[in-house]
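# Observations on the three-dimensional arrangement
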There are 2 protein chains.
Amino acid sequence: MYVILVYDMGEKRVVKMLKLCRQYLNWIQNSVFEGEITEVKLKELLSQAKMFMRPETDSVIIFKSREERWLEKEIIGNEKNDLDTFL
Amino acid sequence: MYVILVYDMGEKRVVKMLKLCRQYLNWIQNSVFEGEITEVKLKELLSQAKMFMRPETDSVIIFKSREERWLEKEIIGNEKNDLDTFL
């Protein structure tokens, strides 16, 4: 399935989350990832995230679509991608 | 149509963008909005955003789906909503 994952985390946990998500998905904006992933791999990602996130302040939202083609994407402005030397 | 809108803006423009998006969509996370919107209203939103955003650093990504039910949403952690007294 195709997912969009967005997170909002305390400053201290942002880099950890970024590195974790990069192992599974493609980075497209500050705290936004997208990509094809299986249910099993997504559960793996989320269970790792739950180990360090603080549920009272942090959040992760996942939008799941069975097919990528059901979602049209429009980008305005600066397009980031994983080739950027961000870290 | 149903859209997810995520933005990444310089600190000085964040509040302006938040206020703009709130006029059209529902706030669900830090810089993430979702909701039903027409093509015309979305164009209106984006043309207003383009008036103050800096394309070399800022970005707005919109995912469009014809039907909300084609997207499944999962939230982990703290669920924000527009009733929060954020501003």
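Quick notes on the rules
Residues numbered from 1 in each chain as written. Chains lettered and ligands numbered in written order. Predicted model: local features only at pLDDT ≥ 70, side-chain atom pairs only at ≥ 80, totals over all residues. Heavy atoms only, no water. UniProt positions renumbered as here; feature names shortened; annotations may be inferred. Contact = heavy atoms within 4.5 Å. Buried area = accessible area lost by both parts, 1.4 Å probe. Salt bridge = Lys/Arg side-chain N within 4 Å of Asp/Glu carboxyl O. Polar contact = N/O pair within 3.5 Å; in protein donor to acceptor, adjacent residues only side chain to side chain. Helix = DSSP H or I, 4+ residues; strand = E, 2+ residues; numbered from the N terminus. Nonpolar A, V, L, I, M, F, W, Y, C, P; charged D, E, K, R; others polar. Pairing = 2+ DSSP bridges. Least-squares fit on C-alpha atoms with pLDDT ≥ 70 in both. Axes fitted to C-alpha atoms, helices over the stretch in contact; angles between N-to-C directions.

If you check an unreviewed UniProt entry, chain A appears there as CRISPR-associated endoribonuclease Cas2 from Marivirga lumbricoides. Regarding chain A, the relevant UniProt record gives this comment under Cofactor (unreviewed entry): "Mg(2+)". The Subunit (unreviewed entry) field of the UniProt record for chain A holds the comment "Homodimer, forms a heterotetramer with a Cas1 homodimer."

Here the focus is the interface of chain B and chain A. Facing the 34 residues of chain B at the interface are 34 residues of chain A. Of the roughly 3,100 Å² buried between chain B and chain A on both sides combined, carbon and sulfur atoms contribute 58%. Taken together, the links from chain B to chain A amount to 4 salt bridges. With its nearest N and O atoms 3.9 Å apart, the salt bridge here joins A:E72 to B:K64. Across the chain B-chain A interface, the total number found is 18 residue pairs in polar contact (both at pLDDT 80 or more). Where the side of chain B that touches chain A is concerned, the elements lending two or more residues are β1 (2-8), β2 (26-29), β3 (32-36), α2 (39-52), β4 (59-65) and β5 (72-77) of chain B. The residue inventory of the side of chain B that touches chain A, partitioned by class, reads 17 nonpolar, 7 polar and 10 charged. Relative to β4(B), strand β5 (residues 71-77) of chain A runs antiparallel, the two being bridged by 7 bridges. Across the sheet, the residue bridging to A:L71 is B:S65, located in β4(B).

Here chain B sits on chain A after a turn of 180° about the axis and a move of 0.0 Å along it, with an RMSD of 0.0 Å. Here the two chains are linked by the operation of a two-fold rotation axis. No C-alpha of chain B approaches the rotation axis more nearly than that of B:W70, which lies at 3.8 Å. Residue by residue, 100% of the interface of chain B is reproduced at the interface of chain A, so both copies engage with the same surface.

This paragraph deals with the sheet that holds strand β4 (residues 59-65) of chain A. Read from one edge of the open sheet, 5 strands run β2(A)-β3(A)-β1(A)-β4(A)-β5(B), paired in antiparallel fashion. Two strands lie at the open edges of the sheet, namely β2 (26-29) of chain A together with β5 of chain B, each paired on one side alone. Shown here is a sheet whose adjacent strand axes are inclined to one another by a mean of 20°, direction ignored. Pairing between β2(A) and strand β3 (residues 32-36) of chain A: 3 bridges, direction antiparallel. Each residue of the ladder has a partner; that of A:W27, found in β3(A), is A:F33. Contacts from helix α1 (residues 11-22) of chain A reach β1 (2-8), β2, β3 and β4 of chain A, with the element oriented near 170° to β1(A).

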